Structures are given as C-alpha cells and as structure tokens.
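Chain by chain, the residues:
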Amino acid sequence: MTISIEDTRAAASVDRTIRLITTGTTAGETCAPELAKGPWEFDQGPVGYGPGSSMGDVIPTGSPRQGALPESYRTASADELHARIRAAKATLGDRAVVLGHFYQRDEVIEHADFVGDSFQLANAALTRPDAEAIVFCGVHFMAETADLLSTPEQAVILPNLAAGCSMADMADESSVEECWEQLEQVYGDLTATDAAGRVPVIPVTYMNSSAALKGFVGRHGGIVCTSSNAKTVLEWAFERGQRVLFFPDQHLGRNTAKAMGVPLEQMPMWNPRKALGGSTAAELDDARVILWHGFCSVHKRFTVDQIAQARIDHPGVQVIVHPECPMPVVDAADAAGSTDFIVKAIAAAPAGSTFAIGTEINLVQRLAAEYPQHTIFCLDPVVCPCSTMYRIHPGYLAWVLEELVAGRIVNRITVADEVAEPARLALERMLAAKPPVATTATAA
C-alpha cells in the first residue's frame with residue numbers, strides 16, 4: 001500500500017497528536033494541554049520557557065522575549081500559513097535559506113532547506129554563502145553558532161526570540177567565571193604546566209551553550225563538543241589538561257567519560273550555588289572530570305522503568321537513547337548516540353525492526369512516519385515536546401519570511417565581536433580534533 005505525503009505528514013505531526021489528545025479524539029496523555037494553543041499565547045504572558053518539558057525550569061532574568069506576532073499570522077489557517085511560506089520562499093529564492101532542527105515540529109520541517117542537529121545546520125548554512133538571510137528554526141544558542149560561522153553580510157534570524165534552551169541557561173558566564181576563580185584557589189596557576197605539559201584544567205563546553213560560554217572556553221584554552229564527538233574532544237582535552245571542567249550538561253559529560261574508563265568517584269558535580277561546587281578541595285584535586293549541575297529536561301524524562309516496560313511489551317526491541325539521558329538509562333539501553341546516530345541507525349535497520357527511542361518526540365514521531373516498515377515509538381508514553389523548540393510555529397516562519405520579502409530583517413541574532421573571536425577559536429579547535437565519522441545535514 002502506497003502512503004501519501006499527506007498521510008506521512010499527518011502521522012509525523014506532534015501538534016496534531018496533541019490536539020487529538022486534548023480534544024479527547026484519541027487516547028493518550030500530554031504533559032501540558034496548553035501545548036495545543038499557539039505559542040503566541042505565551043509571548044506576552046509571564047516570562048518562562050512555555051509549556052512542555054522545560055516548563056518547570058527557572059528562566060534567567062533578562063531572557064529574550066518575543067514581541068507580539070501580527071494578528072494575520074495568529075488567525076491564519078494552517079493551509080494559508082503553508083501557502084504564504086511557500087510563496088515567500090519562492091520570491092526570495094537563493095536570498096534566504098531555512099534551517100530546521102530535528103526537534104522542530106513537522107509543520108516547520110516541511111519548509112526547511114536543510115534538516116539536522118545544531119552544528120550540522122550551522123555548517124549547512126556555509127554551503128549557501130550567497131544567501132542574505134539564514135532563518136534558523138531551532139533555539140537561541142543554535143542561531144548564535146550560525147552567526148559565528150556565517151559571513152558578516154549574512155543575517156541570522158530566529159523566528160521566535162523566546163525559543164531559548166533551559167539547559168544552556170543553566171550555565172551562565174558569571175557562574176562559570178566564579179567557578180574558574182575557585183578552581184584557581186584549589187589548583188594554583190591554571191596556566192602552569194606539569195611535567196607532561198598539561199595545565200591543571202581544560203574547560204569544555206557542549207554545543208548547547210551560549211556564545212559567551214564558547215568565548216570563555218576559547219579564552220582559556222578550551223574547546224566545544226557535540227554529542228557526536230564528545231569522546232574525541234575529551235581525549236583532546238586530557239592530552240592538554242590534568243582534568244576537565246565540563247558544562248552545561250552533566251549527563252553527556254558523565255556518560256562519555258564513564259565509557260572512556262573514568263571512575264565515577266573522579267567525576268564530582270559542580271553546583272554553582274555552593275562553595276567549591278559542593279566538593280572538598282581533596283575531591284577536586286582527585287577529579288578527572290568536573291561536571292556542571294545542568295541537564296536537558298527532555299532527556300531527563302526517560303527512565304529505566306520505561307525501558308523495562310518497552311522490553312516487556314515488545315520482545316526483541318532495540319532501545320536507543322540520547323547521551324543527554326541520565327547514566328542509568330544509558331546503561332540500560334542497547335545503544336546511545338546523537339540525534340544523527342539515531343537517524344542513521346533506524347535508516348540502516350532491516351525491515352520489521354522495533355525501536356524504542358529516548359529523545360525528543362518530534363524526531364521520534366517523524367521517524368515512525370518515515371519508516372513505516374519498522375515499529376518505532378518514544379520511550380516516554382507522555383507526549384511532552386521540547387518547550388522552546390515548540391515556540392517556533394509556521395506563523396512565525398511566515399512572518400519573518402514575508403518581512404524579508406518586504407526588505408525588513410526582524411529577530412536578527414548577532415554575537416558581539418569580542419565574544420565571537422574566542423568563540424570561533426573554540427569551535428575551530430573542535431573541528432581540528434576530527435571526530436571519528438564526519439556527519440552532514442540532510443538537504444530537505
């Protein structure tokens with residue numbers, strides 16, 4: 001039986017699933033019925049990440065806010081918005097490129113010129129040097145990275161300024177600077193080398209962090225990592241430092257270092273609200289990896305009990321989770337890897353395979369629709385998308401594109417030169433570290 005594109009898109013749509021659940025049309029549960037509303041409902045309300053997985057996280061003071069979306073976009077039907085987006089893209093042609101992160105709602109992904117993870121998409125933009133505008137359908141730190149890697153003439157646009165990242169916000173520049181000063185009290189001169197030529201500590205920041213933190217690690221001899229190359233980056237750091245300060249995601253750092261043979265007792269947690277991060281000087285002296293007290297609220301939802309239930313319900317199921325999941329979940333899974341790893345594993349599997357996936361629901365549901373020859377489901381039975389990715393909606397995409405058609409640039413993301421220079425250095429170090437397998441974004 002041939003499945004139409006329309007049927008595939010309907011099956012992939014988390015937005016449709018949430019609406020069916022909230023109206024009682026289909027069985028199921030969502031973590032926040034408010035997800036059925038348009039994101040603009042939350043732009044003018046109390047400052048927060050919005051409904052979804054991060055709704056309980058504390059948002060920093062001064063976080064970007066989105067202004068009112070014009071009424072014509074708020075009241076337009078889905079079909080009208082899609083028609084307006086297609087028309088604007090046709091008018092703009094090569095002047096604009098639309099990037100869509102794996103975790104975006106499918107109604108946005110269908111208009112993306114490239115689909116991938118944050119770093120794949122930033123690199124994909126480099127293949128369009130003549131584009132005047134890069135419309136990044138993702139979250140704030142991703143748009144910053146695109147601005148770092150694009151040309152000064154190109155404008156990077158984030159359709160909804162409220163699309164931040166709670167994990168990235170868990171490590172701010174002032175807290176990391178304070179941590180660095182306290183580590184200097186413990187280790188002494190942080191630029192001094194031992195007999196092997198290693199400094200006391202190398203800072204490593206996950207791609208999911210602000211440009212300011214990428215700049216921090218660039219200034220202090222550090223490096224950026226992604227979930228695809230974290231092992232390679234840690235090896236690079238251990239060659240140059242006696243230990244690593246890893247932020248903001250504790251789980252990626254712990255899971256990666258543990259797989260490399262670093263004992264858990266040599267991975268103390270740094271809580272920025274406590275003196276010495278909550279550890280003793282002796283514990284820090286013995287540390288190999290100092291983990292920041294940060295996490296992804298999407299991946300924290302996955303549990304060992306969910307894996308056990310999946311194995312009961314689906315004998316022979318393959319469980320694949322993202323390395324941002326807690327360590328017990330990664331240990332209980334059959335495999336752990338980046339979003340790109342998950343996509344490729346499913347694409348390469350023989351027909352009839354069954355997968356339980358521990359990552360953001362938009363990607364999981366899209367994969368299930370695109371590979372009907374498999375059984376693919378999310379480990380978490382509660383539909384709970386990334387709060388901030390979900391702030392991007394076709395209404396915002398239509399708005400920014402039509403503004404470009406009119407010769408206006410809205411929601412431009414720029415990184416100040418004094419931050420951009422060291423941040424690019426940290427990214428260049430990551431590129432030079434050469435991960436085992438290079439990955440590229442998929443053209444949509």
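Q: Which parts of the structure should I look at to understand the overall build of the protein?
A: Helix and strand content of the protein: 20 helices and 16 strands. Computed over C-alpha atoms, the radius of gyration of the protein comes to 22 Å, within 12% of the 22 Å expected from 2.2 N^0.38 for 444 residues, which places it in the range of a compact globule. Each principal axis of the C-alpha distribution contributes one length, and for the protein these read about 65 × 55 × 40 Å. Within the protein, the proportion of its 444 residues that are buried is 57%. Just so you have it, the protein exposes about 17900 Å², and 52% of that area is on carbon and sulfur atoms. Side-chain charges in the protein split into 34 positive and 53 negative, and the spacing between the mean points of these groups amounts to 1 Å.

Q: Would you take a moment to explain the side chain of Gln365 for this structure?
A: Within the secondary structure layout, Gln365 lies in helix α18 (residues 361-370). Residues contacting Gln365, with those up to four places away along its chain left out, are Ala11, Ala12, Ser13, Val14 and Thr17.

Q: Please clarify how the state of the cysteines should be interpreted in this entry.
A: Disulfides are covalent bonds that connect the sulfur atoms of two cysteines. As enumerated under the stated definition, the model contains 1 disulfide in all. Disulfide partner of Cys31: Cys384, at an S-S distance of 2.2 Å. Across the S-S bond linking Cys31 and Cys384, the dihedral sits near 80 degrees, which makes this disulfide right-handed. Residue Cys31 is located in the loop between β1 (29-30) and α3 (40-43), and its partner Cys384 is located in the loop between β15 (382-383) and α19 (394-405); the two are separated by 353 residues in the primary sequence. On the accessibility criterion, Cys384 (7% relative accessible area) is buried. The structure places no disulfide on Cys325, whose sulfur is separated from the nearest cysteine sulfur, that of Cys296, by 8.2 Å.

Q: Hey, could you run me through the sheet that holds strand β14 (residues 375-378) in this one?
A: Hydrogen bonds between backbone groups are what pair the strands of a sheet, and the pairing can be parallel or antiparallel. In spatial order, the strands read β12-β11-β13-β14; together these 4 strands make up an open sheet with parallel pairing. Two strands bound the open sheet, and with one partner strand each, they are β12 (335-336) and β14. Taken together, the 4 bridges between strand β11 (residues 318-321) and strand β13 (residues 354-358) define a ladder with parallel strand orientation. Bridge pairing in β13 places Val321 opposite Gly358.

Q: Hey, could you run me through the environment of Met267 in this one?
A: As for its position among the elements, Met267 is in the loop between α13 (250-259) and β9 (269-270). On the accessibility criterion, Met267 (7% relative accessible area) is buried. Taking the C-alpha atoms as reference points, Met267 and Phe246, separated by 21 residues in sequence, lie 10.0 Å from one another. Met267 has contacts with Gly253, Arg254, Ala257, Lys258, Val262, Val289 and Leu291, leaving out every residue within four places of it along the chain.

Q: Looking at this structure, how should I read unusual backbone geometry?
A: Negative phi is the rule for most residues except glycine; trans is the rule for most peptide bonds. In this model, Phe247 is joined to Pro248 through a cis peptide bond whose omega is 0 degrees. By the secondary structure assignment, Pro248 is in the loop between β8 (244-247) and α13. Despite not being glycine, Leu276 has its phi angle at roughly 50 degrees, a positive value. Topologically, Leu276 is positioned in the loop between β9 and α14 (281-286).

Q: What is the right way to read a negative patch on the surface from this model?
A: Taken together, the side chains of Glu178, Glu181, Glu184 and Asp189 define an acidic patch exposed on the protein surface. Looking at the element boundaries, Glu184 is found in helix α10 (residues 173-187). Here Glu184 falls in the partly exposed class, since its relative accessible area comes to 40%.

Q: How should the sheet that holds strand β10 (residues 289-292) be read in this particular structure?
A: Overall, parallel pairing links the 5 strands, which are arranged β7-β6-β8-β10-β9 in an open sheet. Each end of this open sheet is capped by a strand with a single partner; those strands are β7 (223-225) and β9. Pairing of strand β6 (residues 202-206) with β7 involves 3 bridges; the strand directions are parallel. Counterpart to Tyr206 in the pairing with β7 is Cys225. The strands that α10 touches are β6, β8, β9 and β10; relative to β10, the one it contacts most, it runs at about 150 degrees. Sitting on the sheet, helix α11 (residues 211-219) touches β6, β7 and β8, and the angle it makes with β6 is about 155 degrees.

Rules and cut-offs
Residues numbered from 1 in each chain as written. Predicted model: local features only at pLDDT ≥ 70, side-chain atom pairs only at ≥ 80, totals over all residues. Heavy atoms only, no water. Helix = DSSP H or I, 4+ residues; strand = E, 2+ residues; numbered from the N terminus. Rg over C-alpha atoms; globule rule 2.2 N^0.38 Å. Buried < 20%, exposed > 50% of the residue type's maximum accessible area, 1.4 Å probe, protein only. Areas by Shrake-Rupley, 256 points an atom, 1.4 Å probe, with all protein chains shown as cover. Lys, Arg positive; Asp, Glu negative; His and termini not counted. Charge placed at Lys NZ, Arg CZ, Asp CG, Glu CD. Contact = heavy atoms within 4.5 Å. Disulfide = S-S within 2.5 Å. Pairing = 2+ DSSP bridges. Patch = residues over 30% accessible without salt bridge, like charges linked within 9 Å, V, L, I, M, F, W, Y side chains within 5 Å. Salt bridge = Lys/Arg side-chain N within 4 Å of Asp/Glu carboxyl O. Axes fitted to C-alpha atoms, helices over the stretch in contact; angles between N-to-C directions.

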